[in-house]
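# Topology and contacts: notes
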Amino acid sequence: MRKVSNIPLIALLFLLFCVGCSHRPQEYRIGVSQCLDDAWRQKMNEEMERELLLYPNMTISHRRIAYGSNELQCAQIDSFIQERIDLLIVSPNEAAEVKPAVARAYRAGIPVIVADRRVSGDEWTAFIGGDNYQVGVLMADWVRKVQSETNHPLHVLEVCGLPGSTPATKRHQGLMDSLAASGEVMPEIISLQGQWMKEDAYEVVRAYLREHKNIDAIVAQNDLMAVGSAEAVRDSKGYGAGGVRIMGVDGIFPGLKAIADGKIECTATYQSRGDLIIETAAHILYGEPFVRDTVLETNMIDQGAAGPMLMQYMNRLHDLETFKIVQTNTDAHWQQMRFEQTVLVVIIVLVALLFFAALGLIVYIQRKIQNEIKKDILPQLEDVQEAIQLSKRDEAFGERMRQVVEDHLTDPNLNVEYLASKLQLSRTQIFRRVKTITGKGPLDYIRERRLVRAHHLLQTTDMTVQQVALELCFSSPGYFTKCYKAYFGHLPSKQ
Ligand code: FRU
């Protein structure tokens, strides 16, 4: 019985084991740590999401934003380490400050892709970012161009990003080196801290212009700060519209729009390439070769190029919207499919469970019936068989006994002992078995048979009553008559 009840359980475990073993490709969880959340970073995020569609087994488990705080970014990276993500993509707020957390992740065995801004040291797996020095060179080219058109040494404001971030230092370096190397009259460069933010740029430029009135141009290290600077110029007395020429960096929507609106003059492209970052992540995770240090090229976008680029950008935005709708539908579809799959597995398991339970029950009932047959019915059957055997034996015995009696009715020696010796049984056995077969004792049976023979002789022969009584060994005719009357109910006579 115990064995029987184990069958469904074992079968179910086996089934679950099989379901569990069904092959699934390895899933990779990627963590993204962004220093800021502006239009440029959102573009980078979207590029990553779109590229991830090509890698169904890779997902961005969390995207965390540090909002310009080194401490917050380090804490967020540490939580990624605890969550045991498979790969980290990080755009560090400031190179030195975020370095320890990045190094911790790297040492914990998590591959690290550093994007856009570099991190100090070399504990990272791959870097993908723009050529910031070259961005600075493009700024210098533009400043020289403005100077040559103005015909006097320029007073230029340089609105810089966060000082500890590598794009800020590299862009500044590129600008200064290139201006110095040109051999032309060196313009005056006044550097202000705009922290990469439009609002900060507005404040510092506005404050500067309150004190100084002779600014010719502004090079802002990104488009947001260029727009902030343009608004500061607009709000400052003594500067007419377009009085200060402004260049930005990035070349995406806010910058292109500002060029189209005449707020700024030009910008330099700064590629985000979220797609390339994900492609590199895939190479790293799949153990394929990858480029460790990728520096993306930069170009100048002037007023002529900005218009068509803006159009292109708007179209891309439209595509992106369409893409998002498709993605949402695809996600919903996948979720539905996954749900249906789960329901199917549950149904299969339940059906299997029921099947094995029924099987177990059948086996159990079968065994129970077998046991009952063995215990109760078989012995009864054996009894019946034995009874049949016995009655067969009795029949045979009866036959032989009748024969002996019939053959010796006229023999005075016919009695119990005679029968016992003839039939090779004891006296007691003769008594018992004759009684079983005839319902009478052996002497009564013999007497009866003699009376029946006597009757027959009286009817079929000329023998007298005395002769018949003698012939059938009755002790006297009187005794014969008495017995005859008792048996047949009338006196012996011939009819
Ligand atoms: C976006 C941004 C860009 C800039 C880059 C430098 O957060 O400020 O405008 O080019 O970061 O890392």
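Before reading on, note that the structure itself is shown above.
All values reported here derive from a predicted model rather than from experimental measurement.

Here we come to the packing of aromatic side chains. Counted according to the given criterion, the structure contains 9 aromatic pairs. Both rings, one in Phe355 and one in Phe356, keep their centres 5.2 Å apart while their planes meet at 70°; by these two values the pair is edge-to-face. We classify Phe355 as partly exposed; its relative accessible area is 48%. Among the aromatic residues, those joined into a cluster by ring pairs are Phe474, Tyr479, Phe480, Tyr484, Tyr487 and Phe488. When the ring centre of Trp124 is taken as reference, the NZ or CZ atom of Arg292 above it lies at 3.8 Å. Residue placement shows Arg433 over the ring face of Phe397; its charged tip is 4.5 Å from the ring centre.

To continue, consider the site of the ligand. Contacts to the ligand come from Leu36, Asp38, Trp40, Arg41, Asp116, Arg117, Pro167, Arg171, Trp196, Asn222, Asp250 and Tyr270. Between Asp38 and the ligand, the recorded distance is 2.6 Å, taken from a side-chain N or O atom to an oxygen atom. Contact distances for the ligand include 2.7 Å between an oxygen atom and a side-chain N or O atom of Arg41. For the ligand, the protein covers 100% of the area, taking 310 Å² as the surface of the free molecule. In a pocket analysis with a 2 Å cut-off to the grid points, the ligand is assigned to the largest cavity. Counting residues per element, the ones that place at least two in the shell around the ligand are α2 (39–52) and α6 (166–181). Across the shell around the ligand, the residue classes tally to 5 nonpolar, 1 polar and 6 charged. When we break the shell around the ligand down by domain, the ones giving at least three residues each are domain 1 (28–129 + 274–296) and domain 2 (132–269).

We now examine the pattern of salt bridges. As enumerated under the stated definition, the model contains 25 salt bridges in all. A salt bridge links Asp78 to Arg104, with the nearest nitrogen and oxygen atoms 2.9 Å apart. Of the two residues, Asp78 sits in helix α3 (residues 70–82) while Arg104 sits in helix α4 (residues 95–107), which places them 26 residues apart along the sequence. Using a relative accessible area of 37% as the deciding quantity, one classes Arg104 as partly exposed. Glu184 is the partner of Arg144 in a salt bridge, and the nearest nitrogen-oxygen pair spans 3.6 Å.

What follows deals with unusual backbone geometry. Note: most residues except glycine have negative phi, and most peptide bonds are trans. One non-glycine residue with positive phi stands out, namely Asn151, at about 70°. With respect to the element layout, Asn151 can be found in the loop between α5 (132–150) and β6 (155–160).

Of all hydrophobic cores here, the largest spans 77 residues; its most connected members are Ile30, Met58, Ile89, Ile113, Val205, Ile215 and Ile218. Each of domain 1 (28–129 + 274–296) and domain 2 (132–269) contributes no fewer than three residues to this core. Those residues within four positions of Ile215 in sequence are excluded, and the remaining contacts are His155, Leu157, Ile190, Tyr208, Leu209, Tyr239 and Val244. Leu414, Val468, Phe474 and Cys483 belong to the second-largest nonpolar core, a separate cluster that totals 27 residues.

Basis of the calculations
Residues numbered from 1 in each chain as written. Predicted model: local features only at pLDDT ≥ 70, side-chain atom pairs only at ≥ 80, totals over all residues. Heavy atoms only, no water. Phe/Tyr/Trp six-rings, centres within 6.5 Å; stacked < 30°, edge-to-face > 60°. Buried < 20%, exposed > 50% of the residue type's maximum accessible area, 1.4 Å probe, protein only. Lys NZ or Arg CZ within 6 Å of the ring centre and 35° of its normal. Near = heavy atom within 4 Å. Polar contact = N/O pair within 3.5 Å; in protein donor to acceptor, adjacent residues only side chain to side chain. Areas by Shrake-Rupley, 256 points an atom, 1.4 Å probe, with all protein chains shown as cover. 1 Å grid on protein atoms, 1.4 Å probe; cavity = no way out; pocket = protein on both sides within 12 Å on 5 of 7 lines; lining within 4 Å. Sits in = over half its atoms within 2 Å of the grid points. Helix = DSSP H or I, 4+ residues; strand = E, 2+ residues; numbered from the N terminus. Nonpolar A, V, L, I, M, F, W, Y, C, P; charged D, E, K, R; others polar. Domains from an automatic or database assignment. Salt bridge = Lys/Arg side-chain N within 4 Å of Asp/Glu carboxyl O. Core = buried A, V, L, I, M, F, W, Y, C linked by side-chain atoms within 4.5 Å. Contact = heavy atoms within 4.5 Å.

Nothing here speaks to function; it is all geometry.
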